[in-house]
Amino acid sequence: MVGCSDEPAAKIAVAAPGDRVAWVGTSDALEVVLERVTPLYQEQLSGKNEDALLREAFAIDSEEQLFRLHLFGDSQAVSSSGSVRFGGVELHSFADAPADLNAQERLLWRAVLQGLPLQENEERVRRSLIMRGRNVKDQAFQEGRPQWLSGQRSLTLRREVWSEYARRVFFDAAVAPRSESPDLKFSDPEASLTDE
């Protein structure tokens, strides 16, 4: 998969088998990662499709596309899920659980769809939740730069192609105390993120 870009062909990020495509934004207080619920290669190789499992478990409309949003920051920074806009489309988080769900189903709804924050250390929290939207086309992501918006805050997300290892390095650095991780850089050139 090749992203559209004005950059020379050699600089365009290409996803090899086993790589994941994500859209990433960083600021001093927050890191945001948006990715498909089930990466295409994972579905092709293993037949596992978390997207289908979520739709079945929570009766999600088949016309809606699902994405996972990861937020890394302090408790206040990750408290709002915000929304993602691109190409005239907007992704939203799930509202409160329907009233007819039992206690266990409500807990799953809150934990999986709305994303209960995970306290990684005293400073940094990780929150992963599901975003949904209609008429989401791959081309819209390829041609534009999605924006994450929450109140007065916004982050422009850049397309990244990374291996599972590079993804894990980024996630680990994003929840490390700021004194231990002043920036998100990689020492392994094969694991580094590639800009569009």
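Just so you know, these numbers come straight off a predicted model, no measurement behind them. (Residues numbered from 1 in each chain as written. Predicted model: local features only at pLDDT ≥ 70, side-chain atom pairs only at ≥ 80, totals over all residues. Heavy atoms only, no water.)

## A few points about the overall build of the protein chain
And step 1. The secondary structure content of the protein chain amounts to five helices and ten strands.
And step 2. The proportion of buried residues among the 196 residues of the protein chain is 44%.
And step 3. The contacts of the protein chain with a sequence gap of at least 6 include a subset with a gap of at least 24, amounting to 68%.
And step 4. When the accessible surface of the protein chain is split by element, carbon and sulfur atoms take 48% of a total near 10800 Å². (Helix = DSSP H or I, 4+ residues; strand = E, 2+ residues; numbered from the N terminus. Buried < 20%, exposed > 50% of the residue type's maximum accessible area, 1.4 Å probe, protein only. Contact = heavy atoms within 4.5 Å. Areas by Shrake-Rupley, 256 points an atom, 1.4 Å probe, with all protein chains shown as cover.)

## Observations regarding the confidence of the model for the protein chain
And step 1. Averaged over every residue, the pLDDT of the protein chain is 78; the share at 70 or more is 70%.
And step 2. The least confident element of the protein chain is helix α1 (residues 40–46), whose mean pLDDT is 58; the most confident is strand β8 (residues 147–150), at 94. (pLDDT = per-residue confidence, 0-100.)

## Some details on the side chain of Asp 51
And step 1. Topologically, Asp 51 is positioned in helix α2 (residues 50–58).
And step 2. Leave out the neighbours within four places in its chain, and Asp 51 touches Val 37, Thr 38 and Leu 66.

## Overview of the packing of aromatic side chains
The description of two aromatic rings rests on the distance between their centres and on the angle between their planes.
And step 1. Scanning the entire structure with this criterion turns up seven aromatic pairs.
And step 2. With a centroid separation of 5.7 Å and 90 degrees between ring planes, the pair formed by Phe 94 and Trp 109 is classed as edge-to-face. Highlighted residues: Phe 94 in the loop between β5 (89–93) and α3 (103–113) and Trp 109 in helix α3, separated in sequence by 15 residues. In this pair, the class of Phe 94 matches that of Trp 109, namely buried.
And step 3. A ring pair is formed by Trp 162 and Phe 171, whose centres lie 6.4 Å apart and whose planes are at 70 degrees; its orientation type is edge-to-face.
And step 4. Put simply, the rings of Phe 72, Trp 162, Phe 170 and Phe 171 touch in pairs and so form one group of aromatic residues.
And step 5. The side chain of Arg 167 reaches across the aromatic face of Phe 171, ending 4.4 Å from its centre. (Phe/Tyr/Trp six-rings, centres within 6.5 Å; stacked < 30°, edge-to-face > 60°. Lys NZ or Arg CZ within 6 Å of the ring centre and 35° of its normal.)

## A few points about α3
And step 1. Where α3 begins, the side chain of Asn 102 points an oxygen toward the backbone nitrogen of Gln 104, at a separation of 3.1 Å.
And step 2. One or two residues past the end of α3 sits Gly 115, with phi positive at roughly 70 degrees. (Polar contact = N/O pair within 3.5 Å; in protein donor to acceptor, adjacent residues only side chain to side chain.)

## Observations regarding unusual backbone geometry
And step 1. Positive phi, close to 50 degrees, is recorded for Ala 59, a residue that is not glycine.
And step 2. Within the element layout of this structure, Ala 59 appears in the loop between α2 and β3 (64–73).

## What about the side chain of Ser 81?
And step 1. Mapped onto the elements of the fold, Ser 81 is located in the loop between β3 and β4 (83–86).
And step 2. Within the structure, Ser 81 has its side chain in polar contact with the side chain of Ser 93 (distance 2.9 Å).
And step 3. For Ser 81, the residues in contact, after removing those within four places along its chain, are Leu 69, Leu 71, Ser 93, Arg 127, Leu 129, Met 131 and Trp 148.

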